[in-house]
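# Tertiary structure, described
These are the residues of each chain, in order.
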Amino acid sequence: MSSLSRELVFLILQFLDEEKFKETVHKLEQESGFYFNMKYFEDEVINGNWDEVERYLGGFTKVDDNRYSMKIFFEIRKQKYLEALDKHDRSKAVEILVKDLKVFASFNEELFKEITQLLTLENFRENEQLSKYGDTKSARAIMLVELKKLIEANPLFRDKLQFPNLKSSRLRTLINQSLNWQHQLCKNPRPNPDIKTLFVDHSCGQPNGARAPSPANNPLLGSTIPKPGGFPPIGAQIGAHGPFQPAPTPVAPLAGWMSNPPAVTHPSASGGAIGFGTPTNPAAMLKHPRTPSTANPSMDYPSGDSDHLSKRPRPVGLSEEVNLPMNMMPATYPQSHSYPQDDFHKAVARTLSQGSAPMSMDFHPVQQTLLLVGTNVGDIGLWDVGTKEKLAVRNFKVWELGKCSMALQAGLVKDPTVSVNRIIWSPDGTLFGVAYSRHIVQIYSYHGGDDIRQHLEIDAHVGGVNDIAFAHPNKQLCIITCGDDKTIKVWEATSGTKQFTFEGHEAPVYSVCPHYKENIQFIFSTALDGKIKAWLYDNLGSRVDYDAPGHWCTTMAYSADGSRLFSCGTSKDGESHLVEWNESEGAVKRTYQGFRKRSMGVVQFDTTRNRFLAAGDEFVIKIWDMDNTSLLTTIEADGGLPASPRIRFNKEGTLLAVSTVDNGIKVLANADGVRLLRTLENRSFDASRSASETVTKSLINPLTAAAAAAAAAAATSSGTAAPSAITAMNGDSRSLVDVKPRITDESMDKSKVWKLMEIADTTQCRSLKLGDNHRTTKISRLIYTNSGVAILALASNAIHLLWKWSRNERNSTGKATASVSPQLWQPPSGILMTNDIIDNNPEEAVHCFALSKNDSYVMSASGGKISLFNMMTFKTMTTFMPPPPAATFLAFHPQDNNIIAIGMDDSTIQIYNVRIDEVKSKLRGHSKKITGLAFSNVLNVLVSSGADAQICVWNTDGWERQRSRFLQIPSGRPTSNILDTRVQFHQDQLHCLVVHETQIAIYDASKLEPVKQWPVRENSSPITHATFSCDSQLIYASFLDATVCIFSASSLKLQCRILPASYLPPNISSNVHPVVVAAHPSEANQFALGLTDGTVYVMEPLESDRKWGNPPPVENGSTSNLSTPPNGVSSSDQPER
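Residues numbered from 1 in each chain as written. Predicted model: local features only at pLDDT ≥ 70, side-chain atom pairs only at ≥ 80, totals over all residues. Heavy atoms only, no water.

The next point concerns the nonpolar core. Ranked by size, the top nonpolar core spans 44 residues in total, and within it Phe-36, Phe-41, Leu-57, Tyr-81 and Leu-101 carry the most contacts. Mapped by element, the contributors of at least two residues to this core are α3 (38-46), α4 (50-57), α5 (67-86), α6 (90-101), α7 (109-117) and α8 (136-153). The dominant element in this core, judged by the number of residues it contributes, is α5, at 10 residues. Beyond its immediate chain neighbours, meaning those up to four positions away, Tyr-81 contacts Ala-93, Ile-96, Leu-97, Leu-101, Ile-115, Thr-116, Leu-118 and Leu-119. Counting 23 residues, the second-largest nonpolar core is a separate cluster that includes Ile-380, Leu-391, Val-398 and Ile-452. (Core = buried A, V, L, I, M, F, W, Y, C linked by side-chain atoms within 4.5 Å. Buried < 20%, exposed > 50% of the residue type's maximum accessible area, 1.4 Å probe, protein only. Helix = DSSP H or I, 4+ residues; strand = E, 2+ residues; numbered from the N terminus. Contact = heavy atoms within 4.5 Å.)

Shown next, in the form of structure tokens:
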């Protein structure tokens, strides 16, 4: 349905409501799915009309669409069940239990049993959790509060809860205008026309009784038409709307913020580009923005300019669904909408003393625990939050005063005080920029650890530099600044050459927000007069000019995936406004509630994980769900916060830095952040203890004292780094020391100091065989869900298998473990996720799948069409791309679930948009089928591997091939195609693991040069698969002889070998071996193996060991730093396997 057709439905809804066709109104709401009438829904719930409640809901969602929907239906059916029990109508309660509630049993069997047991109680209030249940009326009211929150948070109801702001009787007005236009076309217009029908075009009768031709068949040919008088009211024929007014002059419609004004004024021209996404002319911009609209007081309907222009069969692309905990039986009344407490940064994990008041903070984009801080006295500090160490401090000084303007020199003499206004990392973390309150910007280069060096100093603006940002216009890193001189400037990041100056603001420019969509680069800017403007990288001036809520200090930011735009502003009167913008119209989409009337400072905000918004206000941090305007929660951080604290999330959203009143910083952590920091603490403690023991033990023997002292000095000062995904991969070797072997009195022989961990029987590790009753033959693909609570396998018979772990006394986290057996899960329907196949022999097909980031969907293929499955219901949501060619590898774009890279057996890579069912690009560069794909959201590249043993790097902006190279396969060594080449990015997103049956290698992806390589010895068993551990510290590799080897990722040296006898039964065939390895997403020492006999094993070290051995000793006392590759390729030592 087109946008205009959709708007016509809203006009009809308004007309029906005004004419009191109440039942028809709600029927159309439900059937169209465009507007969810919350008032009607509330009335039906309060009145207990449960059948109508579910029927009305059914027009917008089904019970198995997502977790929000499931909980909505559960709450309704549970209330219906409890009311039947309260009336002692047992037969009705049993009917509800069997027909309505049993569907939830597969998701929470224990809960269903508990609900069933209520039948045995004389009064269900005897159940402790229901003891506060009141009467029916109050219970419905309490439930309604919960339902409204769930509906507002449900992505399927997005933009369907508010009606467009229409003038009353809008449809009548349009009909009157149409009749007026038709009357103007009459050859002999009568002063008082008689309108008797709308079924045909109006025409005044001719003097001889003939009718004038229809205006559709007799267009005006430039003739002048006498202007008739207005039509009289037509009363009941259309409605008492007064005389027709002359038709207004047509106005060029507004297609969006960046759409081109149409060449003609016909309304059909408005079907053009929307927002920044698809303008035909990149220079085309918004001409007249709208001010935020207010809701129609008579009706509360969803906006007519919704992002979703039509109701299509589900799915319309892949939603960013939030996982909602299914605690479906709240312990107490009243109920409240709940989120997992793990999501919120409640724990104060670190307290750092900066010494002066923090004004701006930013976490490193790759090393998630590195924090930059700029203060009110011009100081900058670099902290390693993991070790609580301040790595570097720089006090403000002008590097080359003689090159600065005389105004700056004179100003500094008069008043030397300078404050940091903004500090920010470049996208790859190799540079950071500092904007000062006096004229200048300083750019530093970062080389790891405490090594920060002066790079550029720019006398950028007259007065203060209020903001700084990095961007990549024309594939070139640039610096964007704005200042008190009312300008925005763009500088080349290497030389500091000024490229653009944007003028047009009439007040000091407060902030800049660069972004891009569909290869169009642009910059938003805000000024202190409340104006927002948008600029392209040219000299054609601002394309956008509209007012920000608050009309003073406003900052703008996009969600992590770049799909949603937010701003936060504070007025001069202290009123703060946090809003989401509708980019297609330049209008406020939603306004978030929860600010005090008068904030005591300028409120700062941040976004995280495409899910939450945070702002510092009233001495706390306030949190909102992006899809809900109500305040979600507040965080006090144990007190000590200023009125408007500065805040900043790290990129993964696990840590939140907050400024304090005592010139310090508190670092708050959610559950994942706490685990991250504990891991770093343990490594630091182990390393320090090891270094201490080295010194103590060595001093027993005077002959080794000097060596011990040297080792201690190296471990404590120069800091030989233990491999760490957070630090070592980016050159930060300061805070993590290597776990050195203790030097014994007997010998300095390394072989006696360090020993390879070898696991030879079942008592030396934990392994768990996963049960399967589908008689699969081979596991072709294997992956953990992103939540870590399940394992998904694709067998060679094209059937998917899903094992889920439950949270219970033996497994308090509910995550995958080798200590507790999971359930081979199926939905109540009993269906299987089975791929489309092209013949009766799927064993020969290439199998591939990819899991969405929220675990809601899996994209999969087995030689036939690609299938999209719902992970909750196993239903096939759609199929596409029938062969030939057949898909051989699938990868979701890291920033957009709707974009998929699809490797094909004809050697091409297709970049496919699921939402619009369109191939955006077809990449050619390989000569054989595609065997691996991996995205880097730091380098903005796609790395591909093929059966031709070639690796290619593609730029994700324009999908051009940047570079390629062939693997270095030992000459004369035959390959057996046991393992096609695979690629996987390291956690730093800069280095890439390349696996082939003959070798494991680490490549610098930006240069496509090998950093480390581990070749398989001649006549040794070939590699069948390999993967990084979740923290990229280890590499798990399986071999054709069923051995599993675990390598240190930083050195590619073997540190543990697992023999087949430790996990395989003794009588198993010698042909059985692992063909795929999967690493747990949060437990670094857990992995799973998929075998040729269709079994899956989960592997973990003994609880007493906690890890797979120790890293091997490092030559020359230093580990390899993957960020600074040595000259030439380093080939690691290999003990015999």
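Having seen the structure, we can now continue with the description.
Now for the confidence of the model for the protein chain. Model confidence for the protein chain is summarised by a mean pLDDT of 79, while 77% of its residues fall at 70 or above. Predicted confidence is poor over residues 207-337, with pLDDT under 50, and the contacts of this stretch with residues over four places away or in other chains come to 308 contacts. Across residues 689-752, where pLDDT falls below 50, the model places 125 contacts with residues more than four positions away in sequence or in other chains. (pLDDT = per-residue confidence, 0-100.)

A few words now on the packing of aromatic side chains. Aromatic rings considered in pairs are described by the distance between their centres and by the relative angle of their planes. Evaluated as defined, the whole model comprises 32 aromatic pairs. Here the aromatic cluster, defined as three or more aromatic residues joined through ring pairs, consists of Phe-36, Tyr-40, Phe-41, Tyr-56, Phe-60 and Phe-157. Arg-6 extends its terminal NZ or CZ atom over the ring of Phe-34, reaching a point 4.7 Å from the ring centre. When the ring centre of Trp-825 is taken as origin, the NZ or CZ atom of Lys-804, which lies over that ring, is 4.0 Å away. (Phe/Tyr/Trp six-rings, centres within 6.5 Å; stacked < 30°, edge-to-face > 60°. Lys NZ or Arg CZ within 6 Å of the ring centre and 35° of its normal.)

Let us now look at the pairing of strand β8 (residues 440-446). Most of β8 is tucked away, with 7 of its 7 residues classed as buried. What you see with β8 is no split at all: Ile-440, Gln-442, Tyr-444 and Tyr-446 on one side and Val-441, Ile-443 and Ser-445 on the other are buried throughout. Judged from the 5 bridges that link them, strand β7 (residues 431-436) and β8 form a sheet pairing that is antiparallel. Note that in β8 the partner of Phe-432 across the bridge is Tyr-444. Taking the residues that link successive antiparallel strands as the turn, the β7-β8 hairpin has 3 residues, and the phi of His-439 there is positive, at about 70°. Taking the residues that link successive antiparallel strands as the turn, the β8-strand β9 (residues 452-459) hairpin has 5 residues, and the phi of Gly-448 there is positive, at about 95°. (Pairing = 2+ DSSP bridges.)

Counting through the fold element by element, Ile-1000 comes out in strand β49 (residues 999-1004). Note on Ile-1000: relative accessible area 0%, which makes it buried. C-alpha of Ile-1000 to C-alpha of Ala-1037: the two residues are 37 residues apart in sequence and 8.8 Å apart in space.

Three or more residues of helix α2 (residues 22-32) are buried, namely Val-25, His-26, Glu-29, Gln-30 and Ser-32. Following α2 by one or two positions, Gly-33 has its phi on the positive side, about 70°.

Counted by the stated rule, this structure contains 37 salt bridges. The residue Glu-54 makes a salt bridge to Arg-77 at a minimum N-O spacing of 2.8 Å. With Glu-54 in helix α4 and Arg-77 in helix α5, this residue pair connects regions lying 23 residues apart in the sequence. Each member of the pair, Glu-54 as well as Arg-77, carries the same accessibility label: buried. (Salt bridge = Lys/Arg side-chain N within 4 Å of Asp/Glu carboxyl O.)

Before going further, it helps to spend a moment on the sheet that holds strand β54 (residues 1053-1058). To summarise the sheet geometry, strands pair through backbone hydrogen bonds and adopt either a parallel or an antiparallel arrangement. Strand order across the open sheet formed by 5 strands is β29-β54-β53-β52-β51, with mixed pairing between neighbours. Bordering the open sheet on either side are β29 (757-759) and β51 (1023-1028), each of which pairs with just one other strand. Neighbour-to-neighbour, the strand axes of the sheet open up by a mean angle of 20°, direction not taken into account. Here strand β52 (residues 1034-1039) runs beside strand β53 (residues 1044-1048); their pairing, made up of 5 bridges, is antiparallel. Bridge assignment links Leu-1034 to a residue of β53, and that residue is Ser-1048. (Axes fitted to C-alpha atoms, helices over the stretch in contact; angles between N-to-C directions.)

Right, let's talk about the sheet that holds strand β24 (residues 620-625) for a bit. Spatially, β22-β23-β24-β25 is the arrangement adopted by the 4 strands of the open sheet, whose pairing is antiparallel. The open sheet is flanked by β22 (605-608) and β25 (631-635), the only strands paired with a single partner. Going from strand to strand, the sheet's axes swing by 25° on average, the running direction of each strand aside. Bridge count for β22 against strand β23 (residues 612-617) is 4 bridges, and the pairing is antiparallel. Each residue of the ladder has a partner; that of Thr-607, found in β23, is Leu-613.

Counting buried positions along α4 yields 6 of 8 residues, so the element is predominantly enclosed. All buried positions along α4 are accounted for by Trp-50, Glu-52, Val-53, Glu-54, Tyr-56 and Leu-57.

Right, let's talk about the environment of Ser-138 for a bit. Relative to the elements of secondary structure, Ser-138 occurs in helix α8. Assessed through its relative accessible area of 29%, Ser-138 is described here as partly exposed. The spacing of Ser-138 and Ile-46 is 92 residues in sequence and 9.3 Å in space, taken between C-alpha atoms.

Together, Leu-198, Phe-199 and Val-200 give the surface a local cluster of nonpolar side chains, amounting to about 370 Å² of exposed area. Relative to the assigned elements, Val-200 resides in the loop between α9 (170-184) and β1 (347-353). (Patch = residues over 30% accessible without salt bridge, like charges linked within 9 Å, V, L, I, M, F, W, Y side chains within 5 Å. Areas by Shrake-Rupley, 256 points an atom, 1.4 Å probe, with all protein chains shown as cover.)

The next thing to look at is the pairing of strand β15 (residues 520-527). For β15, the buried fraction is high: 8 of the 8 residues fall into the buried class. Here β15 shows a buried face lined by Ile-520, Phe-522, Phe-524 and Thr-526 and a second buried face lined by Gln-521, Ile-523, Ser-525 and Ala-527. For strand β14 (residues 509-517) and β15, the ladder comprises 8 bridges, and the chain directions are antiparallel. Bridged to Ser-511 within β15 is Thr-526. Between β14 and β15, which pair antiparallel one after the other, the connecting turn spans 2 residues, and Glu-518 there sits at a positive phi close to 50°. Taken together, the 5 bridges between β15 and strand β16 (residues 531-536) define a ladder with antiparallel strand orientation. From the neighbouring strand, Phe-522 faces β16, where its bridge partner is Leu-536. The antiparallel pairing of β15 with β16 creates a hairpin that spans 3 residues between the two strands, and Gly-530 there sits at a positive phi of about 85°.

Two numbers describe how α4 lies on α5: the axes approach to 11 Å, and their chain directions differ by 175°. Overall, the two elements α4 and α5 adopt an arrangement that is roughly antiparallel. Contacts between α4 and α5 pair Trp-50, Val-53, Glu-54 and Leu-57 from the former with Ile-72, Phe-73, Ile-76, Arg-77, Gln-79, Lys-80 and Glu-83 from the latter. Tallied by class, the residues present in the contact of α4 with α5 amount to 6 nonpolar, 1 polar and 4 charged. (Parallel < 35°, antiparallel > 145°, perpendicular 65-115°, else oblique. Nonpolar A, V, L, I, M, F, W, Y, C, P; charged D, E, K, R; others polar.)

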